[in-house]
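Okay, here's what each chain looks like letter by letter:
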Amino acid sequence: MASGLKQLLLAATVGVPTDDGTVRVVDVLRRPKLMTRELLAGLVVGLALIPEAISFSIVAGVSPSVGLYSSVVMAIVISITGGRRAMISAATGAIALVVAPVARDYGLDYLVATVMLAGLLQILLGVAGFAKLMRFIPRSVMVGFVNALAIMIFLAQLPHLIGVPWLVYPLVGLGILIIVLFPRLTKAVPAPLIAVVAVTAIAMLGSLDIPTVGDDGKVPAGLPNLFFPHVPFTLHTLTIIGPFALAAALVGLVESLMTAKLVDDITESGSNKTRESIGQGIAQIASGFFGGMGGCGMIGQTMINVRESGARTRLSTFSAGVFLLILMAVFHDLVNQIPMAALVAVMVMVCVGTFDWHSIRPATLKRMPAGETVVMVTTVVVVVATNDLSIGVVVGVIAAMIIFARRVASIATVTRSLPAADHAHYRVDGELFFATSNDLTHRFDYAGDPARITIDLSDSHIWDASTVAALDAIETRYARHGKTVSVEGMNQVSRRFHSRLTGQLGGEG
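Residues numbered from 1 in each chain as written. Predicted model: local features only at pLDDT ≥ 70, side-chain atom pairs only at ≥ 80, totals over all residues. Heavy atoms only, no water.

S.K.: Could you clarify how one ought to interpret the packing of helix α13 (residues 299-308) against helix α16 (residues 340-354) in this entry?
M.R.: Relative to each other, α13 and α16 sit at 75 degrees, their axes nearing to 10 Å. Taken as axis vectors, α13 and α16 run roughly perpendicular relative to one another. Contacts between α13 and α16 pair Gly300, Gln301, Met303, Ile304, Arg307 and Glu308 from the former with Val346, Met347, Met349, Val350, Gly353 and Thr354 from the latter. A per-class count over the contact of α13 with α16 returns 6 nonpolar, 4 polar and 2 charged. (Axes fitted to C-alpha atoms, helices over the stretch in contact; angles between N-to-C directions. Helix = DSSP H or I, 4+ residues; strand = E, 2+ residues; numbered from the N terminus. Parallel < 35°, antiparallel > 145°, perpendicular 65-115°, else oblique. Contact = heavy atoms within 4.5 Å. Nonpolar A, V, L, I, M, F, W, Y, C, P; charged D, E, K, R; others polar.)

S.K.: Explain the packing of helix α8 (residues 168-185) against helix α9 (residues 191-205) here, please?
M.R.: Interhelical geometry of α8 versus α9 gives an angle of 145 degrees and a closest axis separation of 8 Å. Like other packed secondary-structure pairs, α8 and α9 cross with a definite hand, here right-handed. For the pair α8 and α9, contact is made by Leu171, Leu174, Gly175, Ile178, Ile179, Phe182 and Pro183 and by Ala191, Pro192, Ile194, Ala195, Ala198, Val199 and Ile202, respectively. (Left-handed = near helix turned anticlockwise from the far one by under 90°.)

S.K.: Looking at this model, I keep getting lost on the side chain of histidine 423. Mind explaining?
M.R.: You can see histidine 423 is positioned in strand β4 (residues 423-432). Histidine 423 sits in the buried class, given a relative accessible area of 11%. Of the polar contacts made by the side chain of histidine 423, one reaches the side chain of threonine 454; its length is 2.8 Å. Apart from the residues within four sequence positions on either side, histidine 423 is in contact with Ser417, Leu418, Pro450, Arg452 and Thr454. (Buried < 20%, exposed > 50% of the residue type's maximum accessible area, 1.4 Å probe, protein only. Polar contact = N/O pair within 3.5 Å; in protein donor to acceptor, adjacent residues only side chain to side chain.)

S.K.: Looking at this model, I keep getting lost on the environment of glycine 252. Mind explaining?
M.R.: Assignment of secondary structure puts glycine 252 in helix α11 (residues 235-267). The spacing of glycine 252 and serine 390 is 138 residues in sequence and 8.4 Å in space, taken between C-alpha atoms.

S.K.: Looking at this model, I keep getting lost on the nonpolar core. Mind explaining?
M.R.: Most often, soluble globular proteins have nonpolar side chains that are buried together. Grouped together as the largest cluster of nonpolar side chains are 111 residues, with contacts concentrated most on Ile50, Leu111, Val213 and Met293. Listed in part, the 20 residues of the second largest apolar core include Val428, Leu457, Leu471 and Phe497. (Core = buried A, V, L, I, M, F, W, Y, C linked by side-chain atoms within 4.5 Å.)

S.K.: When you look at the side chain of lysine 483 in this model, what are you seeing that I'm missing?
M.R.: Position of lysine 483 relative to the elements: it lies in the loop between α21 (465-480) and β6 (484-488). Although lysine 483 is buried, it forms no salt bridge, and the closest oppositely charged side chain is aspartate 449 at an N-O distance of 6.2 Å. Only 3.0 Å separates the side chain of lysine 483 from the backbone oxygen of alanine 447, close enough to count as a polar contact. At 2.5 Å, the side chain of lysine 483 and the backbone oxygen of aspartate 449 are in polar contact. With near-sequence residues (within four places) excluded, lysine 483 lies in contact with Tyr446, Ala447, Gly448, Asp449, Pro450, Ala451, Ile453 and Tyr478. (Lys, Arg positive; Asp, Glu negative; His and termini not counted. Salt bridge = Lys/Arg side-chain N within 4 Å of Asp/Glu carboxyl O.)

Written out as structure tokens, the structure reads:
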């Protein structure tokens, strides 16, 4: 926490966020190539955020300015408070879906109050160590999450590709061609930016009648103002906004932490997930103070920033928010004329780059355990069906847990031997917990065994109360037949656990 506070103070001192405390503004200024890459990446993301923020505002049932201002504030704040460099956070569809009923039934003030409470809950969850739960998300769920994201991004582009003038298609094709070929000439300027500029120039010079950014909702020309929700501070208000705030907090953290993990893999660098959780909460609250609708980590825009534009520092995230603000305040008329075809081309290439094509190759599917494939497909199907990444992740994790439990349940083995006429010896091998111990009681011959029975747990470990209850039940069943049982070979941890619970679980009597 002290290190994180030091970084935040340092960032505030220099005026622009630092890159994990190692890249200050002066360092970036001394490296013009790095500064150019980061700033141009931020400009591309700022452009891409506009139609997304407008669309998500419509989903939430609020003015386009609410989503745009929220994106500005969240991008700038998270660049300082977040734990993952170069990750983009702004207004998102997932949060919009959660808070939409509040805006519809109670109005903007209650929506903003919900967002601010969600931010407070995220801070509390971050301090409580919620981010550590990310270690329990298996790779198959992560792959399904990424593939589902790519599919969802592509599906979101279909309204801009269906029922539109035919000129849209060659322009989209031109944009894709530029993004693919331009990096072969130079990587000094992000290819998506060149594609947007080129397609926009052609459309404006040719006075082409094609859909533009302004068709979805005019970009506001003013700056965001401070806002404080006028809602009564009562228990009744809390009962209204509380459930929505908790849902928004959880959805936002899951998507943000999954995005951070994805960026970790792409950049081969680590990130502070706890700081990211707390930073998301701070950004949520800040967006509320400017009348925003909140948001979370955006994988699509993050992929534009990191993968397509090559950004690696916090400056790119910061500049994305600043450029979005400048585009709104100064160049709103020009932004309204940007063809949607240009942004669709960028997002289609994001889909292609995001999808894990290796995961669906026949050779990969043949080698991969069936359970892993089932988990991946389940995650994809649930995400696409519900249009909610967090629900897909939760269902995927549950599916992985069930498959893992079934797999582990077959690991424990029981071997019977008769070292003497009056002695039966059972050797139990494997980890003993609820999945394996539930069948343990059926592995013994209560009627046929001699008078003395030994259960050897030298190669086992007791993990839960279910196992202790199973051992108690075995002893009780043998006692009904007038036979004695001796449990031996337990390691120290298992012995302490067993001695504390045996006879206290109310098993078979």
